[in-house]
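Remarks on the overall topology
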Amino acid sequence: MRYREVERRIVSQLLTLMNGLKSHAHIIVMGATNRPNSIDPAQRRFSRFDREIDIGVPDEVGRLKVLRFIQRI
């Protein structure tokens with residue numbers, strides 16, 4: 001099975017499951033990507049998610065903070 005087909009099936013299953021959720025279900029669905037342009041438009045449709053947060057790429061200072069944090073772990 002090709003990667004694209006697997007990806008389509010996963011997105012389809014996720015959307016089907018999300019359609020069955022009730023607003024009072026107290027369920028949190030979170031996702032992250034480094035390729036926001038490749039997100040299926042159906043996932044970004046109105047009422048699909050309450051919020052979409054774009055964190056962006058850190059600047060040089062931010063990258064140093066991330067590296068220092070990782071070194072402490």
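Residues numbered from 1 in each chain as written. Predicted model: local features only at pLDDT ≥ 70, side-chain atom pairs only at ≥ 80, totals over all residues. Heavy atoms only, no water.

Going by what an unreviewed UniProt entry lists, the protein chain is known as ATPase, AAA-type, core, P-loop containing nucleoside triphosphate hydrolase and is assigned to Helianthus annuus.

1. Quick word on the pattern of salt bridges
Rules: For salt bridges, the criterion is a side-chain nitrogen of Lys or Arg within 4 Å of an Asp or Glu carboxyl oxygen. A helix here means a DSSP run of H or I that spans at least four residues, while a strand means a run of E at least two residues long, and both kinds are numbered starting from the N terminus. Categorising residues by exposure relies on relative accessible area from a 1.4 Å probe, with only protein chains included: less than 20% of the type maximum marks a residue as buried, more than 50% marks it as exposed, and the intermediate range marks it as partly exposed.
For the structure shown, the criterion picks out four salt bridges. Close ionic contact of arginine 4 with glutamate 7 constitutes a salt bridge, the shortest N to O distance being 3.1 Å. Of the two residues, arginine 4 and glutamate 7 both sit in helix H1 (residues 3-19), three residues apart, roughly one turn of that helix. Given a relative accessible area of 23%, glutamate 7 falls into the partly exposed group.

2. Describing the layout of surface pockets
Empty space among the atoms becomes visible once a probe the size of a water molecule is rolled across them. Let me state the cut-off plainly: Within this scheme a cavity is a closed region of a 1 Å grid, computed over the protein atoms alone, that accommodates a 1.4 Å probe without allowing it to escape, whereas a pocket is open but has protein on both sides within 12 Å along at least five of seven lines; lining residues each have an atom within 4 Å of a point. Grid points are joined across faces, edges and corners, and a volume is the space filled by probe spheres set on the points. When residue character is reported, Ala, Val, Leu, Ile, Met, Phe, Trp, Tyr, Cys and Pro are called nonpolar, Asp, Glu, Lys and Arg charged, and the others, Gly included, polar.
Roughly 1,900 Å³ of internal volume is contained in the largest pocket. Lining of the largest pocket is provided by 42 residues; of these, Val29, Met30, Gly31, Phe49 and Arg51 occupy positions nearest its centre. Residues that form the lining of the largest pocket fall into these classes: 19 nonpolar, 10 polar and 13 charged.

3. A closer look at a nonpolar patch on the surface
Defined as follows: Note on patches: the residues involved have over 30% relative accessible area and no salt bridge, like charges join within 9 Å, and the nonpolar side chains Val, Leu, Ile, Met, Phe, Trp and Tyr join within 5 Å. Accessibility throughout is a Shrake-Rupley quantity obtained with a 1.4 Å probe, and a residue counts as covered only by protein chains that appear here.
On the surface, Leu64, Val66, Leu67, Phe69, Ile70 and Ile73 cluster together to form a nonpolar patch covering roughly 610 Å² of accessible area. With respect to the element layout, isoleucine 73 can be found in the segment after helix H2 (60-72).

4. Re the environment of asparagine 34
You can see asparagine 34 is positioned in the loop between H1 and H2. On the accessibility criterion, asparagine 34 (72% relative accessible area) is exposed.

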